[in-house]
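# A structural walkthrough
Letter by letter, the chains look like this.
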Number of protein chains: 2
Amino acid sequence: MEFDFNITIVGLGLIGGSFAMALRDLKPKNLWAIDIDTDAMETAERLNIIDKGYTNPEVPLKKSDIVILCVYPELTIKFIKDNLKYFKSGAIITDTAGIKDKVINEINTFIREDIDFIGGHPMAGKESKGLQYASKDIFDGANYIITPIPKNNKHNVSIIEDIATKIGCKSIIKIDPKTHDEVIAYTSQLPHVLAVALMNCNNIENVETFIGGSFRDTTRVAKINSKLWSELLMENKENILNQIDLFQAYISSIKEAIENERMESLEDIFSEASSKKGEAI
Amino acid sequence: MEFDFNITIVGLGLIGGSFAMALRDLKPKNLWAIDIDTDAMETAERLNIIDKGYTNPEVPLKKSDIVILCVYPELTIKFIKDNLKYFKSGAIITDTAGIKDKVINEINTFIREDIDFIGGHPMAGKESKGLQYASKDIFDGANYIITPIPKNNKHNVSIIEDIATKIGCKSIIKIDPKTHDEVIAYTSQLPHVLAVALMNCNNIENVETFIGGSFRDTTRVAKINSKLWSELLMENKENILNQIDLFQAYISSIKEAIENERMESLEDIFSEASSKKGEAI
């Protein structure tokens with residue numbers, strides 16, 4: 001598949017910046033960015049990450065074949081709504097938001113018939129935010145979820161799949177938006193909730209002198225973008241509450257085994273986890 | 001401080017093997033091992049990790065200035081008890097078990113007055129077990145906790161501190177055994193409990209296609225040595241139950257903020273975790 005596209009990245013932060021760096025290697029016809037942060041865009045231009053950055057969306061959108069939104073869910077919806085008239089006819093729009101059902105449903109209440117919004121979610125990132133932490137490597141070996149709905153054009157979906165493959169992702173999975181949100185509540189949102197709760201319940205002075213790898217790894221994502229993650233969890237309320245309940249049930253079973261000194265039960269619980277934790281996970 | 005010691009490692013698994021490799025660089029007078037696994041010891045001899053391996057403890061113990069036990073807590077106690085008469089007068093014995101109070105208390109009910117047992121716990125390890133996974137690098141930058149009691153000889157304690165420093169540990173901390181067990185319930189045992197519960201409550205098919213770094217990191221230690229960790233948790237029952245209760249209270253506060261759609265509260269909770277997660281942690 002040729003890569004002769006004009007591509008615009010909206011939001012030149014960690015994900016947007018990384019996406020731009022990765023796309024650069026694919027030599028699109030033009031690679032532009034839209035952001036309110038002029039410093040970030042000047043840096044990106046200077047480092048040749050992008051051809052040009054724009055604070056005004058009109059110019060790049062009118063010429064872009066593909067637009068990749070790398071901003072928070074609410075802003076993803078707002079941006080498309082506010083700039084609806086500027087998108088080129090036939091444009092493919094995709095996003096990187098951590099929730100899909102609400103984003104896609106709302107966008108489809110106002111989107112033009114001649115542009116195609118295809119939900120996307122690269123399972124890649126770091127605890128830091130901002131262009132200075134961006135790296136095309138974040139996609140290496142990562143999973144990429146695409147959430148097409150019946151009205152999406154199949155050829156356009158395959159273009160997004162192709163991009164995901166070319167930037168280095170290992171698995172490209174297509175599921176419906178509702179299922180995405182159910183799944184992500186477990187695989188992504190719950191681990192963040194656990195990391196935060198573990199970090200916050202610290203009751204040990206000078207705790208850093210008593211930790212090892214298990215604590216560091218389990219709390220890595222506690223260095224959290226609080227605004228973004230509050231939004232993601234609230235927008236996926238039912239699913240994350242469901243996962244928290246399931247998790248708490250499992251914690252209770254471990255607690256009960258310890259309380260009642262049932263060594264074999266505890267060993268079984270641990271062995272079960274160990275065998276579930278396979279190489280791919 | 002000169003390093004002209006005869007040292008014996010008891011248990012040539014992941015920790016014992018790593019300890020032997022690290023001590024090798026310090027050129028002790030002799031470096032021996034005791035294990036029931038003759039294959040492991042032959043491999044270690046062949047690779048020059050140790051000078052000689054013994055299935056019969058008597059010979060090396062009679063000549064060892066320092067004995068480092070790298071076996072499970074119960075076996076640590078049993079080994080010293082069963083081989084009490086063989087230890088050289090003036091020997092320093094230390095261990096690497098993940099709990100300290102019970103181990104030290106029990107050993108002190110029978111230990112000879114002329115040998116010095118000093119509790120130790122390197123905060124280092126990997127999810128795998130066995131000599132084939134051993135590496136001296138596991139101590140690089142790690143914390144090392146020593147739990148001296150009033151009867152321990154101060155000079156002997158400083159020898160253990162010196163060893164911990166020389167094998168690459170970043171911080172050597174001395175605390176009493178009770179405090180160690182309280183602390184470790186939070187910094188080490190709780191993260192393992194969370195990893196196991198998270199792995200076990202998996203309700204997603206083909207989950208490996210939907211995960212990212214946060215899930216991988218939070219479940220890394222779910223690949224758990226079930227026998228060892230059941231023993232560690234049971235022997236530290238009160239402390240780990242206490243930590244689980246504290247943790248569950250924090251999960252409940254997150255759950256409540258989401259249920260009642262209190263966005264600001266959720267942001268505050270996340271911001272608190274983010275600022276607590278400093279560089280050292």
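Not measured: the values here are computed from a predicted model.

## Some details on the pattern of salt bridges
Residues and elements named next belong to chain A. The final tally for this structure, using the stated rule, is 36 salt bridges over all chains. Measuring nitrogen to oxygen at the nearest pair gives 3.6 Å for the salt bridge that ties E256 to R262. You can call R262 partly exposed: its relative accessible area is 33%. Three or more residues are tied together by salt bridges with common partners; here these are E74, K102, E106 and E235.

## Examining the sheet that holds strand 3 (residues 52-54) of chain B
All names here are of chain B. Read from one edge of the open sheet, 8 strands run 3-2-1-4-5-6-7-8, paired in mixed fashion. Unpaired on one side and paired on the other, strand 3 and strand 8 (171-174) mark the two borders of the sheet. Going from strand to strand, the sheet's axes swing by 25° on average, the running direction of each strand aside. Direction of pairing for strand 6 (residues 116-123) relative to strand 7 (residues 143-147): antiparallel, over a ladder of 5 bridges.

## Some remarks on the nonpolar core
Formed by 129 residues in total, the largest nonpolar core has its most connected members in F247 of chain A together with F247 of chain B. When neighbours within four sequence positions are excluded, F247 of chain B is seen to be in contact with L194, A197, L198, C201 and F247 of chain A together with L190 and L194 of chain B.

## A short note on the relation of the copies chain A and chain B
Structural alignment of chain A on chain B gives an RMSD of 0.0 Å, achieved by rotating through 180° and translating 0.0 Å along the axis. Put plainly, the chains are arranged around a two-fold axis. Minimal C-alpha distance to the rotation axis in chain A is attained by T218 of chain A, lying at 2.2 Å. A symmetric contact is evident, with 99% of the interface residues of chain A recurring at the interface of chain B.

## Here we look at the domain arrangement of chain A
Residue and element names in this part refer to chain A. Segmenting chain A into domains produces domain 1 (6-174) and domain 2 (180-280). One C-alpha centre belongs to domain 1, the other to domain 2, and the line joining them spans 31 Å. Listed as interface residues are 15 residues of domain 1 and, on the opposing side, 16 residues of domain 2. Summing both partners gives a buried area of about 1,400 Å² for domain 1 against domain 2, and 60% of it is carried by carbon and sulfur. Considering only the surface of domain 1 that becomes buried against domain 2, Y72, I99 and E127 emerge as the three largest contributors, covering 46% of it. One can count 1 salt bridge joining domain 1 with domain 2.

## Focus on the pairing of strand 7 (residues 143-147) of chain A
Within a regular beta strand, the side chains point alternately toward one face of the sheet and then the other, so they alternate between its two faces. Residues and elements named next belong to chain A. The element strand 7 is largely enclosed, with a buried count of 5 among its 5 residues. Two elements, strand 7 and strand 8 (residues 171-174), share 4 bridges in a ladder whose sense is parallel. For I145, the partnering residue across the bridge sits in strand 8 and is I173. The β-α-β motif built from strand 7, the intervening helix 6 (residues 154-166) and the parallel element strand 8 has right-handed crossover chirality.

## With respect to empty space enclosed by the protein
Residues and elements named next belong to chain B. All chains considered together, the criterion is met by 1 cavity of 30 Å³ or more. Within this model, the largest cavity holds a volume of roughly 30 Å³. Lining the largest cavity, in full, are N108, I111, I115, D116, F117, K151 and N152. Here the residues of the lining of the largest cavity sort into 3 nonpolar, 2 polar and 2 charged.

Rules of the game
- Residues numbered from 1 in each chain as written.
- Chains lettered and ligands numbered in written order.
- Predicted model: local features only at pLDDT ≥ 70, side-chain atom pairs only at ≥ 80, totals over all residues.
- Heavy atoms only, no water.
- Salt bridge = Lys/Arg side-chain N within 4 Å of Asp/Glu carboxyl O.
- Buried < 20%, exposed > 50% of the residue type's maximum accessible area, 1.4 Å probe, protein only.
- Pairing = 2+ DSSP bridges.
- Helix = DSSP H or I, 4+ residues; strand = E, 2+ residues; numbered from the N terminus.
- Axes fitted to C-alpha atoms, helices over the stretch in contact; angles between N-to-C directions.
- Core = buried A, V, L, I, M, F, W, Y, C linked by side-chain atoms within 4.5 Å.
- Contact = heavy atoms within 4.5 Å.
- Least-squares fit on C-alpha atoms with pLDDT ≥ 70 in both.
- Domains from an automatic or database assignment.
- Buried area = accessible area lost by both parts, 1.4 Å probe.
- Right-handed = clockwise from strand over helix to strand, strands pointing away.
- 1 Å grid on protein atoms, 1.4 Å probe; cavity = no way out; pocket = protein on both sides within 12 Å on 5 of 7 lines; lining within 4 Å.
- Points joined across faces, edges and corners; volume = space filled by probe spheres on them.
- Nonpolar A, V, L, I, M, F, W, Y, C, P; charged D, E, K, R; others polar.

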